[in-house]
Amino acid sequence: MTEKLMTGSKPLPGVLRWNLGDLTVTALNDGWFQASLDLVTGISQEEAGRLQVAGFRTEQPKITLNAFLITGAGRKPVLIDTGYGDLAPAETLGRAGAALALTGVKPEEIETVLVTHLHPDHVGGLVKDGAARYPNAEIVVHADEAAHWLPDEALSRAPDAAKPYFEGARKAVAPYAKRMREHRGGEVLPGITALHLPGHTPGHCGFRIVSGGQSLLMWTDVVHLPAIQFKNPQAGVGFDVDGDQARETRKKIMDAVASERTFIAGSHLEFPALGYVDRDGAGYSFVPALWVGGE
């Protein structure tokens with residue numbers, strides 16, 4: 001499966017399959033969006049720009065976005081997040097649905113959507129024209145996430161600037177109201193465990209997938225800006241609901257996965273977003289996994 005297919009001059013989303021024990025984990029690229037150093041918190045813009053350039057990136061960062069499909073071992077297909085879908089603010093985004101189509105898996109075959117958190121770039125793809133895009137799927141979300149975004153009183157007390165996030169979360173899950181399961185961490189499906197990683201949002205969760213003695217931790221939004229946040233985990237983003245807690249979570253999980261040599265994937269790691277974390281001086285570096293086609 002190629003990382004990028006072309007139709008005329010318009011690129012289709014990236015798709016890459018990875019064997020994990022008896023399972024196949026497929027990275028589905030939803031696209032990218034242009035960001036700004038104004039988004040960075042916790043360090044100076046000058047330091048953030050220096051790290052971008054040192055990492056062979058443009059000073060003004062582009063943020064990539066991925067979702068993940070889990071198939072095999074006799075289980076019904078499982079999605080981790082859905083991309084922006086119809087909520088995409090730019091034509092460079094919203095490609096996860098097309099990526100899924102390239103895998104041959106139909107939306108009605110998806111049995112479970114594991115929601116890392118309820119930001120629009122992760123759940124916008126749940127709906128199509130106001131209806132459930134995955135009509136037979138249960139959605140699974142941390143109880144703290146649901147409590148933060150979904151109640152009427154949460155919307156009413158939200159600052160005006162944040163209300164679109166609350167409204168978007170409510171619209172995304174509304175068609176699944178009778179098929180939404182809340183959890184507080186632990187096993188959410190056989191071989192898949194939710195890991196609470198609060199700060200970016202209150203119920204922000206990663207998912208550890210285990211099969212055949214192999215494991216992968218999809219850590220979702222621990223990192224948005226790889227060139228900056230690996231080298232300096234003190235750096236946060238303006239999207240963090242609780243910046244201090246997100247910073248502590250990032251430091252803790254980076255230390256753990258570096259010590260344990262954990263295989264990871266991330267929503268905003270550059271496609272195909274699979275690899276390892278290594279210590280690098282006072283910070284860390286991301287080491288992409290070696291992909292060998294045809295294995």
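Residues numbered from 1 in each chain as written. Predicted model: local features only at pLDDT ≥ 70, side-chain atom pairs only at ≥ 80, totals over all residues. Heavy atoms only, no water.

(A) A look at the pattern of salt bridges. Applying the stated rule across the entire model yields 11 salt bridges. Between Asp244 and Arg247 there is a salt bridge; the shortest N-O distance is 2.9 Å. Of this pair, Asp244 and Arg247 both sit in helix H8 (residues 243–260), three residues apart, roughly one helical turn. In this structure Asp244 comes out as exposed when scored by relative accessible area, which is 56%. (Salt bridge = Lys/Arg side-chain N within 4 Å of Asp/Glu carboxyl O. Helix = DSSP H or I, 4+ residues; strand = E, 2+ residues; numbered from the N terminus. Buried < 20%, exposed > 50% of the residue type's maximum accessible area, 1.4 Å probe, protein only.)

(B) Region of interest: the nonpolar core. Formed by 41 residues in total, the largest nonpolar core has its most connected members in Leu114 and Trp219. By residue number, the principal contributor to this core is H8, which donates four residues. Counting residues in hydrophobic clusters, the runner-up holds 29 residues, among them Ala99, Tyr134, Leu150 and Ala172. (Core = buried A, V, L, I, M, F, W, Y, C linked by side-chain atoms within 4.5 Å.)

(C) Quick peek at the layout of surface pockets. The volume enclosed by the largest pocket comes to roughly 340 Å³. Elements with a contribution of two residues or more to the lining of the largest pocket: helix H1 (45–54), helix H7 (226–229) and strand E20 (283–288). Counting residues per element, the lining of the largest pocket draws most heavily on E20, at three residues. The class makeup of the residues in the lining of the largest pocket is 12 nonpolar, two polar and three charged. (1 Å grid on protein atoms, 1.4 Å probe; cavity = no way out; pocket = protein on both sides within 12 Å on 5 of 7 lines; lining within 4 Å. Points joined across faces, edges and corners; volume = space filled by probe spheres on them. Nonpolar A, V, L, I, M, F, W, Y, C, P; charged D, E, K, R; others polar.)

(D) Here's a closer look at H1. For H1, every residue scored as buried is listed here: Ala48, Gly49, Leu51 and Gln52. An end-on view of H1 places all buried positions within 160° of arc, on one side of the element. Of the exposed residues in H1, those oriented more than 90 degrees away from the buried face are Glu46 and Ala54. Buried positions along H1 lie against strand E5 (40–41) and H7. Following H1 by one or two positions, Phe56 has its phi on the positive side, about 60°. (Arc of directions from axis to C-beta. Contact = heavy atoms within 4.5 Å.)

(E) View of empty space enclosed by the protein. Under the counting rule described, the total for this entry stands at one cavity of 30 Å³ or more. For the largest cavity, the calculated volume is near 50 Å³. Contributing to the lining of the largest cavity are Leu197, Pro198, Gly199, His200, His204, Asp221, Val222, Asp240, Ala246, Thr249 and Arg250. Of the residues contributing to the lining of the largest cavity, the split by class is four nonpolar, four polar and three charged.

All we've got here are geometric facts, nothing functional implied.
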